[in-house]
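# Descriptive structure summary
Here is how the chains run, residue by residue.
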Amino acid sequence: NFGEPFFQNFYANINTLKNSLEAQKLFGQFKGLPAIICGAGPSLDKNIALLKSYRKKAVIFAGGSALNVLGDFGISPHFGAGIDPHKWQLSRLLFNQFFELPFFYGNRFHHESLQCIHGTKIYTSIPSYYPIVEWMEKKLGIQGESICCGSSVSTLCLEMARLIGCKPIILIGMDLAFTN
């Protein structure tokens, strides 16, 4: 069934959602600060020294495999993110070093993976083809429009950086390539 992973994640995430910060509360709070969005492509490794020097000058976002790469180099991003509904997301999070990281997630994020996040969980309302999502958000008092962020963690990070007010936004590791 096409919708089964979505619904499993959706129902399991409802309790977590009650205790999550709504992403809209951060909109505009980082106005004018540069952001660096990290993907797991080859240019991340090439620019790691530069990234270390900008840790205190820019807001760094990472999700998925990029969290693991940054951890290997001892660089803690300011925000993590997750959007994938699949079980393999769990192993990525179990092997990263940033359990206390503030973390943006969407309504379809893998429920077991979300439990690995001990930092502030920041709920991002993303468009859904399932009317129950709108109903649930209304029942929980979540206001605001859904955020169109595509279907990848990189585009979620990019959109969140824009909405919280970061400018300019720099992409590293977005090479349209995944090594190994």
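Look above for the structure.
These numbers were taken from a predicted model, which means no experiment stands behind them. Residue indices follow the written sequence of each chain, beginning from 1 at its first position. Selection of residues for local features in this predicted model requires a pLDDT of at least 70, selection of side-chain atom pairs for listing and counting requires 80 or more, and totals for whole chains, interfaces and linings are taken over all residues. Hydrogens and waters are ignored; side-chain quantities use all the structure's heavy atoms.

Here a strand is any run of E in DSSP of at least two residues, a helix any run of H or I of at least four, and the numbering for each starts at the N terminus. Helix and strand content of the chain: 8 helices and 7 strands. Summary of the burial criterion: residues with accessible area below 20% of their type's maximum are buried, those above 50% are exposed, and those between are partly exposed, where the area comes from a 1.4 Å probe applied to protein chains only. Going through the 180 residues of the chain one by one, you find that 49% of them count as buried. The criterion used for residue contact is that any of the two residues' heavy atoms lie within 4.5 Å. For the chain, contacts bridging at least 24 residues in sequence account for 63% of all contacts bridging at least 6. Every accessible area reported is derived by Shrake-Rupley at a probe size of 1.4 Å, with residue values counting cover from the shown protein chains alone. On the chain, roughly 9,500 Å² of surface is accessible, and the fraction owed to carbon and sulfur atoms is 56%.

On to the pairing of strand β2 (residues 35–38). Here β2 shows two buried faces, one formed by A35 and I37 and the other by I36 and C38. One ladder, built from 4 bridges, connects β2 with strand β3 (residues 59–63); its direction is parallel. Note on β3: the bridge partner recorded for A35 is V59. Between any two strands, pairing holds if DSSP finds at least two bridges. Alignment of β2 against strand β7 (residues 169–172), held across 4 bridges, turns out to be parallel. Bridged to I37 within β7 is L171.

As a further point, take helix α4 (residues 65–72). In terms of burial, α4 is largely enclosed, as 7 of its 8 residues are buried. Along α4, the positions that sit buried rather than exposed are S65, A66, L67, N68, V69, L70 and G71. Backbone geometry just after α4 places G74 at a positive phi near 75°.

Next up on the list: unusual backbone geometry. Looking along the chain, the bond that leaves K167 and enters P168 is cis, with omega of -5°. The topology assignment puts P168 in the loop between α8 (153–163) and β7.

A word on α8. Given 3.6 residues per helical turn, the α-helix brings residues three or four places apart onto the same face. Where α8 is concerned, the buried positions are V153, L156, C157, E159, M160, A161 and L163. Buried residues along α8 sit in contact with β2, β3, β4 (79–82), β5 (103–106), β6 (121–124) and β7.

All right, on to the sheet that holds β5 then. Taken together, 7 strands build an open sheet; the order of strands is β1-β6-β5-β4-β3-β2-β7 and the sheet is parallel. Unpaired on one side and paired on the other, β1 (21–22) and β7 mark the two borders of the sheet. As judged from the 4 bridges shared by β5 and β6, these two strands associate in the parallel manner. Paired with Y105 across the strands is Y123, a residue of β6. Angles shown run from 0 to 180 degrees and are taken between the N-to-C directions of axes, each axis being a line fitted to C-alpha atoms and, for helices, limited to the stretch in contact. The strands touched by α4 within the sheet are β2, β3, β4 and β5, with β3 carrying the most contacts at an inclination of about 120°.

Where a protein is soluble and globular, its nonpolar side chains tend to be buried together. Core analysis: the largest hydrophobic core is formed by 29 residues, its most contacted members being C38, L44, L51 and L70. Ranked by residue count, the leading element in this core is α4, at 4 residues. To form a nonpolar core, buried Ala, Val, Leu, Ile, Met, Phe, Trp, Tyr and Cys residues must be joined to one another through side-chain atoms within 4.5 Å. Residues I37, F61, I147 and L156 belong to the second largest nonpolar core, which totals 21 residues.

Another point: the side chain of Q89. As for its position among the elements, Q89 is in helix α5 (residues 88–94). Under the relative-accessibility criterion, Q89 is labelled buried at 1%. Sequence-distant contacts of Q89, that is, excluding residues within four places in its chain, are made with G64, D84, F109, H110 and S113.

How two aromatic rings sit relative to each other is given by the distance of their centres and the angle of their planes. Any pair of Phe, Tyr and Trp rings, taking the six-membered ring for Trp, is counted once the centres come within 6.5 Å. Such a pair is stacked with planes under 30 degrees apart, edge-to-face with planes over 60 apart, and tilted for the rest. Taken as a whole and assessed by the stated rule, the structure comprises 6 aromatic pairs. Between F61 and F79, the ring centres sit 5.3 Å apart and the planes meet at 25°, which makes this aromatic pair stacked. With a gap of 18 residues between them, F61 in strand β3 and F79 in strand β4 connect regions that are remote in the sequence. Considered together, F61 and F79 belong to a single accessibility category, that of buried residues. Arranged with centres 6.2 Å apart and planes meeting at 20°, the rings of F61 and F104 form a pair that is stacked. Of this pair, F61 sits in strand β3 while F104 sits in strand β5, placing them 43 residues apart in sequence. The burial state of F61 is the same as that of F104; both residues are buried. Counting every residue linked through ring pairs, the aromatic cluster contains F30, F61, F79 and F104.

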